[in-house]
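# Descriptive analysis of the structure
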Amino acid sequence: MPDVWCEIFAGVPMPIVQTHLIERTYRTNEVVFRQGETTTGLWVIQEGRVFIVHGQWDGTPVLLGVWGPGDVIGAVGLYDGRPYPANAVARETPTRLGWIARAEVLHWVRQYPEFAWNLGRRLSERLRHVQRVRISEHGQSNGDRIRQKLLELAERDGSPVQVTQETLAYMVGTTRETVSRILHEMARKEWVRVRYGKIEILNETALRNERDASETL
């Protein structure tokens, strides 16, 4: 049993987890679940990244989150049984997930207090993260959002950040050309080093100070 799953399912006997957990593997752009589909269970990311994207009425997608190893997805409808409010799309090959049926997850919530606490804590952290992102995005420039996203990814996954410029552009809501231009300038200042699919942070202090300075304007 992978360590990341042992942490998430803490409190549930491992033989029970192994009995009910189904592992699935996806390739880039494969859909894990679709907006409006019945909530079937809880998904846990073991490897890769998953984009949570909401399709607007006019067809313009809105990126709600990007989640990686150790994160859970599909939890919004666990308790009320309502459909998934957004699409989940794999963004890397391979992306490996584990799935537990909704009925079993709810049984574990009632049966194992440590698991219930752990799941509730994760959902609380997710809500706090989304609120922080939405607040910080208000009035920010593309440079601000790129610096903030790089720092966020590095804090969670370490440096170098494993992300393509195209994916980074999607994350912050701009174009790949804009990301390339801003990263080139950051590299010129020796704040980052850009390689294919990776961005290494060389001067975290400069990135944070530049962001903090821009936020006080």
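Scroll up to find the structure this text is about.
Quick summary incoming for the structure in this document. Quick caveat: nothing in here was measured; it's all calculated off a predicted structure.

## Concerning the environment of Tyr-112
Positionally, Tyr-112 belongs in the loop between helix H3 (102-111) and helix H4 (113-137). Sequence separation of Tyr-112 and Gly-11 is 101 residues, and the distance between their C-alpha atoms is 6.0 Å. Sequence-distant contacts of Tyr-112, defined by excluding residues within four places in its chain, comprise Gly-11, Val-12, Pro-13 and Ile-16.

## Details of the nonpolar core
Formed by 25 residues in total, the largest nonpolar core has its most connected members in Ile-146, Leu-150, Leu-168, Met-171, Leu-183 and Met-186. Secondary structure elements with two or more residues in this core: strand E4 (50-55), strand E5 (61-67), helix H5 (142-157), helix H6 (165-172), helix H7 (176-188), strand E11 (198-201) and helix H8 (204-215). For this core, the leading source of residues is H5, giving five residues. Not counting chain neighbours up to four residues away, the residues in contact with Met-186 comprise Arg-147, Leu-150, Trp-191, Val-192 and Leu-207.

## Details of the packing of aromatic side chains
For the coordinates displayed, the defined rule picks out seven aromatic pairs. With centroids separated by 6.5 Å and ring planes inclined at 65°, the aromatic side chains of Tyr-26 and Trp-43 adopt a geometry described as edge-to-face. On the criterion of sequence distance, the pair formed by Tyr-26 in strand E1 (residues 22-26) and Trp-43 in strand E3 (residues 41-47) is long-range, its members being 17 residues apart. The exposure class assigned to Tyr-26 is buried, which follows from its relative accessible area of 9%. Through successive ring pairs, a cluster of aromatic residues spans Tyr-26, Phe-33, Trp-43, Tyr-84 and Trp-99. Here the guanidinium or amino end of Arg-91 rests over the ring plane of Phe-51, the centre of that ring lying 4.8 Å away.

## Observations regarding the sheet that holds E11
Read across the open sheet, the three strands follow the order E9-E11-E10; overall the sheet is antiparallel. Each having just a single partner strand, strand E9 (161-162) and strand E10 (192-195) make up the two edges of the open sheet. Sheet analysis places E10 next to E11, joined by four bridges and oriented antiparallel. Within E11, the residue paired with Val-194 across the bridge is Ile-199. Each of E9 and E11 is contacted by H5, which is oriented at about 85° to E11, the strand it contacts most.

What counts and what doesn't
- Residues numbered from 1 in each chain as written.
- Predicted model: local features only at pLDDT ≥ 70, side-chain atom pairs only at ≥ 80, totals over all residues.
- Heavy atoms only, no water.
- Helix = DSSP H or I, 4+ residues; strand = E, 2+ residues; numbered from the N terminus.
- Contact = heavy atoms within 4.5 Å.
- Core = buried A, V, L, I, M, F, W, Y, C linked by side-chain atoms within 4.5 Å.
- Buried < 20%, exposed > 50% of the residue type's maximum accessible area, 1.4 Å probe, protein only.
- Phe/Tyr/Trp six-rings, centres within 6.5 Å; stacked < 30°, edge-to-face > 60°.
- Lys NZ or Arg CZ within 6 Å of the ring centre and 35° of its normal.
- Pairing = 2+ DSSP bridges.
- Axes fitted to C-alpha atoms, helices over the stretch in contact; angles between N-to-C directions.

Scope: geometric values only; no functional claims are made or implied.
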